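Structural characterization, general
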Amino acid sequence: MTDMTAADATLAPAKPATKPARPYFSSGPCAKPPGWDAAKLATDSLGRSHRSKLGKQRLQYCIDLMRELLKLPDTHRIGIVPGSDTGAFEMAMWTMLGARPVTTLAWESFGEGWVTDAVKQLKLDPTVLRADYGQIADLNAVDWSNDVLFTWNGTTSGVRVPNGDWIADDREGLSFADATSAVFAYDLPWDKIDVATFSWQKVLGGEGAHGVLILGPRAVERLETYTPAWPLPKVFRLVSKGKLAEGVFKGETINTPSMLAVEDAIFALEWGKGLGGAEGLIKRSDANAAALNKIVEERDWLGHLAADPAIRSTTSVCLTVEGADEAVIKKMASLLEAEGAAYDVAGYRDAPAGLRIWCGATVETADIEALGPWLDWAYATAKAA
């Protein structure tokens, strides 16, 4: 713990008078959409087969809403798959890698997870481009004759790629984007993305366990012309008799989905549509990130782990706390939770000690603004303990 003098201890402020109305700042699962209530979910599909006419209609409707909000071109397919974002990304890795050399980019824990998969599980020999937490790998060093794996927005470091300009238009390899905390928060260039994955639990504030897999035409071509050397479990199989299993992208899921989670996702998507789609969701995330940045700039003891604004996340914002070790951060998070002022704001376990505040679209800007004085109180109190 950080040492405090007796004089310092007297500086602990009184508890602020106003709390965030919705103190949900977890980076996954994230805050439910404003106005969410379980009683508002459609329930006719519950207790019915997902392969019934109604079940297929609701799954297809969910897919159609995602396509509409993301402005996904007709060239790209979108399907609901098992295993959250991890399952979706590993499905893509297991079914498409091995045809070409591979480059993996890692600047936080999930990118490192894909490195581990490529090296230890698939026994590939990838080129690995790394950077420390708060930094980003050298994007100009990427060889696009390779298949390239990267996180668009690193949830555990608060570092994102600045844009898609670094992805070659004439690439020979495929671009694999783990975009779980990027979709609905950035204007993604779909012509640059061959494979994208995400989970409803992030910017939409949906539930976990289900992933979403987006395939561009070059990814479909790979699936139909390449057979991996390793066996594929049933939940990874996207090809039947040499052709893409199109049903997966029309609501005919590989295995049984939770229709309750699907209805929850539909609620969130309809809410997002009411805001104007992706543009409205992006504006909310940007406003939240700007409000949090104002809090940081007004305090000399707070900083951004991603110092460069060009690569700083507007969803999973990671903060440094002057003089704080893991014990201080744990104490701060515990104090804030006990007061009902902020839930789940400690940084990721593998990241440098610090705070992580989710600023995605389901968070209200007023709640971010109300968080500042509570951070002051928790910091002073934790240091004095």
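Definitions and limits used
- Residues numbered from 1 in each chain as written.
- Predicted model: local features only at pLDDT ≥ 70, side-chain atom pairs only at ≥ 80, totals over all residues.
- Heavy atoms only, no water.
- Phe/Tyr/Trp six-rings, centres within 6.5 Å; stacked < 30°, edge-to-face > 60°.
- Helix = DSSP H or I, 4+ residues; strand = E, 2+ residues; numbered from the N terminus.
- Buried < 20%, exposed > 50% of the residue type's maximum accessible area, 1.4 Å probe, protein only.
- Pairing = 2+ DSSP bridges.
- Axes fitted to C-alpha atoms, helices over the stretch in contact; angles between N-to-C directions.
- Contact = heavy atoms within 4.5 Å.
- Disulfide = S-S within 2.5 Å.
- Core = buried A, V, L, I, M, F, W, Y, C linked by side-chain atoms within 4.5 Å.
- Domains from an automatic or database assignment.
- Expected span 1.5 Å × (residues − 1).
- Polar contact = N/O pair within 3.5 Å; in protein donor to acceptor, adjacent residues only side chain to side chain.
- Parallel < 35°, antiparallel > 145°, perpendicular 65-115°, else oblique.
- Left-handed = near helix turned anticlockwise from the far one by under 90°.
- Nonpolar A, V, L, I, M, F, W, Y, C, P; charged D, E, K, R; others polar.

The tally for this structure, following the rule as stated, stands at ten aromatic pairs. Relative to Trp166, the ring of Trp144 has its centre 5.7 Å away and its plane inclined at 45°; by these criteria the two rings are tilted. You can see Trp144 sitting in the loop between β3 (127–130) and β4 (147–151) and its partner Trp166 sitting in the loop between β6 (159–160) and β7 (175–178), a full 22 residues away along the chain. Residue classification places Trp144 among the buried positions, given a relative accessible area of 9%.

With that out of the way, let us pick up the pairing of strand β9 (residues 210–215). Moving residue by residue along a regular strand, the side chains alternate between the two faces of the sheet. Of all six residues making up β9, six are buried, and the element is well covered by its neighbours. Neither face of β9 is left uncovered, since the one carrying His210, Val212 and Ile214 and the one carrying Gly211, Leu213 and Leu215 both have all their residues buried. Across six bridges, the pairing between strand β1 (residues 77–82) and β9 is antiparallel. Looking across to β9, one finds that Arg77 is bridged to Leu215. Inspection of the sheet shows strand β8 (residues 195–199) paired to β9 by five bridges, in the antiparallel sense. Of the residues in β9, the one forming a bridge with Ser199 is Gly211.

Taken in spatial order, the seven strands make up an open sheet running β1-β9-β8-β7-β4-β2-β3, and their pairing is mixed. The outermost strands of the open sheet, each flanked by one partner alone, are β1 and β3. Taken pair by pair, the neighbouring strands of this sheet meet at an average axis angle of 20°, ignoring direction. Of the strands in this sheet, β1, β4, β7, β8 and β9 touch helix α3 (residues 84–96), which is tilted by about 40° from β9.

Quick look at the environment of Glu326 now. Within the element layout of this structure, Glu326 appears in helix α8 (residues 326–338). Since its relative accessible area comes to 65%, Glu326 is described here as exposed. Placed 147 residues apart in sequence, Glu326 and Ala179 show a C-alpha to C-alpha distance of 28 Å.

By definition, a disulfide links the sulfur atoms of two cysteine residues through a covalent bond. For the structure shown, the criterion picks out zero disulfides. You can see Cys318 has no disulfide; the closest cysteine sulfur is in Cys359, sitting 10 Å from it. Exposure remark for Cys318: the relative accessible area of 8% places this residue in the buried category.

This next bit is on the nonpolar core. Counting residues in hydrophobic clusters, the biggest one holds 90 residues, and the most contacted among them are Met66, Leu105, Phe150, Trp152, Phe184, Trp200 and Met332. Both domains that meet at this core, namely domain 1 (38–273) and domain 2 (277–384), each give it at least three residues. Contact partners of Leu105, with chain neighbours within four places excluded, come to Gly111, Leu129, Ala137, Leu139, Val142, Val148, Leu149, Phe150 and Trp166. In this structure, Val81, Ala92, Phe176 and Trp230 belong to the second largest nonpolar core, which totals 31 residues.

A few words now on helix α4 (residues 109–121). With 13 residues, α4 should cover 18 Å at 1.5 Å per step; its first-to-last C-alpha distance of 17 Å lies within 8% of that length. Within α4, the full set of buried residues consists of Ser109, Gly111, Trp114, Val115, Asp117 and Ala118. In this structure, the buried side of α4 is in contact with α3, β2 (102–106), β3, β4 and β7. N-cap assignment for α4: the residue whose side-chain oxygen lies 3.2 Å from the backbone N of Phe110 is Glu108. One or two residues past the end of α4 sits Lys123, with phi positive at roughly 60°.

On to the side chain of Arg171. On the secondary structure map, Arg171 appears in the loop between β6 and β7. Within the structure, the side chain of Arg171 is placed 3.0 Å from the backbone oxygen of Asp191, a separation counted as a polar contact. Contact partners of Arg171, with chain neighbours within four places excluded, come to Trp144, Asp191, Lys192, Ile193, Asp194 and Arg218.

As summarised here, the arrangement of the three strands in space is β12-β13-β14, forming an open sheet in which the pairing is antiparallel. Taken across any chain shown, the strands that pair with only one partner, and hence form the sheet edges, are β12 (302–304) and β14 (355–358). Taken pair by pair, the neighbouring strands of this sheet meet at an average axis angle of 35°, ignoring direction. Of the pairings in the sheet, the one linking strand β13 (residues 316–321) to β14 comprises four bridges and is antiparallel in character. Of the residues in β14, the one forming a bridge with Leu319 is Leu355. Helix α7 (residues 278–297) contacts β12, β13 and β14 of the sheet and is inclined by roughly 130° relative to β12.

Turning our eyes to something else, we now look at the packing of α7 against helix α9 (residues 365–384). How two helices sit against one another is set out by the angle between their axes and by the gap between those axes. In the contact formed by α7 and α9, the axes pass within 9 Å of each other and the chain directions differ by 20°. Taken as axis vectors, α7 and α9 run roughly parallel relative to one another. Crossing of α7 over α9 shows right-handed handedness. On the side of α7, the interface is formed by Ala287, Asn288, Ala291, Leu292 and Ile295, while α9 contributes Thr365, Ile368, Glu369, Gly372 and Leu375. Broken down by class, the residue content of the contact of α7 with α9 amounts to six nonpolar, three polar and one charged.

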